[in-house]
Amino acid sequence: MFSNRFQRILLRCLMWTLAIIVAFLILFPLWWIFISSITPSGELFSKPIKYWPVNPTLESYTYLIENVGLLAKSRDTIIIVGLSITIGMIVSVMAAFSFARFKNNGLSLAVAFLLGSMLIPDVVTARPLYDFLRQVHLFDTYTGLIILYISGIIPFTILILQNFLNDIPVSIEESASIDGCGFLQSMFYVTLPLLRPAIATVCIVNFITCLNNFFTPLFYSNGISVLSTAITQLPLRDNMYAVPWDLVSAMGWIIILPIIIFVGIFQRQIMEGIMAGGVKG
Amino acid sequence: MKKTKTSIFAAATALTVLLSGCSGVNSGSNNEDPNSGTTNSASGKQDEITLYTIQSTNPNFEAWLNEAQEKSGVKINWVAAPTDSDTRQQKISTILSSGDSSVDILEINDEMATSFKNAGWLDPLQDSVLTSDIVEQFPQGYMEDMLTSDKGDIIGVPSYSGYLGLWVDQKKLDAAGMKSIETEEDFVNFMKASTKDGQYGYGGSWEKTYVFNEIATFVNLFGGDYFDWTNEGSRKAIKFMYDMANTWKVTPVDQIADKYEQMNQKFIDGKYAMVFMWGTGNDYKEANRYGMDQIHMINMPRFAKRSIFTDSWSYVLNSSSKNKEAAIKFLKYAAGEEGELSGWKNFGRYPARADVASHEAVSGDVKVIYTEIQATNEIHGRPMLPQTMEFISEMGTLFQNYIQDQMTLDEFCTKAQEAVEKYK
């Protein structure tokens, strides 16, 4: 009896110790970035190390708002991410429905190609795509970037939605058909409502993916600038070799804060959705 | 049902509004339809260029831009270049190599100038902008080392001059009973006198990609050749650095992890008596440690000779530009007195042209020491090869191995020469 209780306590202690260690490993860098962002540049590397600045300041944040065009970048980010998710979701739902409900070799091959495209690193297609976008006048345009963002999220979205759809019995749609629903009516009024949790989950995951996308806006645009790439446009200091770590840290926080808030609010939906839509053996 | 239809209608309306707001507005440039500017009198077309710049996030950029537009007579659209070096080099390489004509003028640093000057992506400027009377005002060593191609074409207009100068802590110099550091002997004596109580006579940033600057500086001071490791001066320089760390112990070996940020902080904190550093001392000013009685720049000491490196950002003309006439107008402005002075006034960057640097508008401590350096030193661009970062990194690794007694001086020189041949 004592032994069992002791084991339970030990197990609980072990669990909490591990949780604290993991939390520390994750949270300490964030804490460090935060205090670096409110430390004056002249005190950043002072010794002994200070875990709270002597003269905390919000100068870095003010500088970024005034000189780096944060508001404009936020606007561009919302436009690109918002449209990419909306259009990408419409296309993906239709594609996933087709792939789940109609079976033939051609469609199977299409699914294989789509999923296979996830395995190609961005850098492999970068230069040909750069030349192509310039030729069709889509380089450095919202349209070009949105197309690229959509192409980036479609394979994952289809994969998740198709697995969800496979779990929805076809008999529901057949019943609707007997009751007089046409194909589109059955899809919109019967299947889509059942798919709503999956759509919500994928939207959340896609939002985070798009917000984090660094390579696409960096490589395929010059003038349009989103939040994720803003960290590459911080001013050089007195000499071009010293990194402005105070500004880098402030920018880092500005970039990750929306994601932290978003994940904090929707973490249950994200986990549930991914678990439910995950590939089954 | 009605609710669903209303939602769909609202979503469609929102999408339409969003799409209609998508044209021509962006946050990393000012590439809007021009609504002001000057016109080319011959063709009636507007003189207009696009500048790829690293300065767009500088608080005084707008003032600089307005002045440049007014004085050059060219409407300048700008695109913000990444200030992160790797990203920037990748982007600019892509723009130039792909024949992208959306950018006319680019600001490039020494590393990029070395990589691009023989690639044929940049237009020569000696006939149109950098005529002999202008070129002779720029540091000759720098122009030859950095901005002149193998064919003899000059491909860039330096926007400023920044020396890798010797900065000393005056209090430590006074404590050592010295008035200045004029010779190699003074340099060594000062290092030895200032090394005590956990403080060192010399501080370096010997991280493998940073130490290149100091190795090359000592090679120059000893009259060596960074590309020739059989040269006695080059060998002396590297042995001198070894002795500083291991024989005299006047500089710490653990600085092989330090970049400029760490080195500067230690210098500010009083751990070092002198360092080699770029710029005009803003870090020291921000820490209230700048001044003739505190940290300040002094002239380079004479070892075998007095020699110093300068760096710059240069304006270059994209060969694929479709606005070359306007671009040359801008470059003439940038290479002229007004352009150089505007860089000093708005960005605090010391004019690269000697005649402009002597202008009364340029003043302060920095002018005094820069003028002395210009008059007494050989001024060079740093020794770089086309695969700049790979070469720098390999040399840095070899140096760190040597400093940590993992190879002998002869082995270092042999391998350094092999690296030179490999990347040349």
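Residues numbered from 1 in each chain as written. Chains lettered and ligands numbered in written order. Predicted model: local features only at pLDDT ≥ 70, side-chain atom pairs only at ≥ 80, totals over all residues.

### Notes on the overall build of chain B
Here comes step 1: Within chain B one finds 18 helices and 11 strands.
Here comes step 2: Counting all 424 residues of chain B, 47% fall into the buried class.
Here comes step 3: Of the contacts formed within chain B by residues at least 6 apart in sequence, a portion of 74% connects residues at least 24 apart. (Helix = DSSP H or I, 4+ residues; strand = E, 2+ residues; numbered from the N terminus. Buried ≥ 20, exposed ≤ 12 C-beta atoms within 10 Å, placed from the backbone. Contact = placed C-beta atoms within 7 Å.)

### Some thoughts on the sheet that holds strand S2 (residues 75–80) of chain B
Residue and element names in this part refer to chain B.
Here comes step 1: Spatial strand order, S2-S1-S3-S10-S4: 5 strands in an open sheet with mixed pairing. Bordering the open sheet on either side are S2 and strand S4 (157–158), each of which pairs with just one other strand.
Here comes step 2: As defined by bridge partners, strand S1 (residues 48–53) adjoins S2 across 6 bridges and the pair is classed as parallel. Bridged to Thr50 within S2 is Asn77.
Here comes step 3: The strands touched by helix H13 (residues 324–335) are S1, S2, strand S3 (105–108), S4 and strand S10 (314–317); relative to S10, the strand with the most contacts, the crossing angle is about 160°. (Pairing = 2+ DSSP bridges. Axes fitted to C-alpha atoms, helices over the stretch in contact; angles between N-to-C directions.)

### Observations concerning unusual backbone geometry
Here comes step 1: Unlike most non-glycine residues, Asp197 of chain B shows phi in positive territory, near 50°.
Here comes step 2: Structurally, the position occupied by Asp197 of chain B is in the loop between helix H8 (184–194) and helix H9 (211–221).

### What to know about the nonpolar core
Here comes step 1: Core analysis: the biggest nonpolar cluster contains 120 residues, and Ile105, Ile215, Met274, Phe330, Leu331 and Met395 of chain B have the highest contact counts within it.
Here comes step 2: Look past the residues within four positions of Ile105 of chain B in its chain and what remains in contact with it is Ile49, Leu51, Tyr52, Tyr315, Leu317, Ala327, Phe330 and Leu331 of chain B.
Here comes step 3: Membership of the second largest hydrophobic core comes to 47 residues, among which are Ile79, Ile146, Ile153 and Met251 of chain A. (Core = buried A, V, L, I, M, F, W, Y, C linked by C-beta atoms within 7 Å.)

### A word on the domain arrangement of chain B
All names here are of chain B.
Here comes step 1: On domain assignment, one finds that chain B holds domain 1 (48–161 + 312–362) and domain 2 (163–310 + 385–423).
Here comes step 2: Centre-to-centre separation of domain 1 and domain 2, based on C-alpha positions: 30 Å.
Here comes step 3: With 9 residues of domain 1 at the interface, the matching set in domain 2 holds 7 residues. (Domains from an automatic or database assignment.)

### Things to note about the domain arrangement of chain A
Residues and elements named next belong to chain A.
Here comes step 1: Looking at the assigned domains, one finds that chain A contains domain 1 (2–37) and domain 2 (68–277).
Here comes step 2: Once you take the C-alpha centre of each, domain 1 and domain 2 turn out to be 33 Å apart.
Here comes step 3: Across the boundary between the two partners, domain 1 contributes 4 residues, which contact 6 residues of domain 2.
Here comes step 4: In the side of domain 1 that touches domain 2, the residues fall into 2 nonpolar, 2 polar and no charged. (Nonpolar A, V, L, I, M, F, W, Y, C, P; charged D, E, K, R; others polar.)

### Examining the interface of chain B and chain A
Here comes step 1: Opposite the 36 residues of chain B that make contact, chain A presents 37 residues.
Here comes step 2: The set of elements that each furnish at least two residues to the side of chain B that touches chain A consists of helix H1 (2–20), S2, helix H3 (85–97), helix H11 (260–268) and helix H12 (282–286) of chain B.
Here comes step 3: Class assignment of the residues belonging to the side of chain B that touches chain A gives a composition of 11 nonpolar, 19 polar and 6 charged.

### Here we look at the pairing of strand S9 (residues 307–311) of chain B
Residue and element names in this part refer to chain B.
Here comes step 1: Taken across its 5 residues, S9 has 5 buried, putting it largely inside the fold.
Here comes step 2: Both faces of S9 are covered, namely the face carrying Ser307, Phe309 and Asp311 and the face carrying Ile308 and Thr310.
Here comes step 3: Here strand S5 (residues 162–163) runs beside S9; their pairing, made up of 2 bridges, is antiparallel. Counterpart to Gly162 in the pairing with S9 is Asp311.

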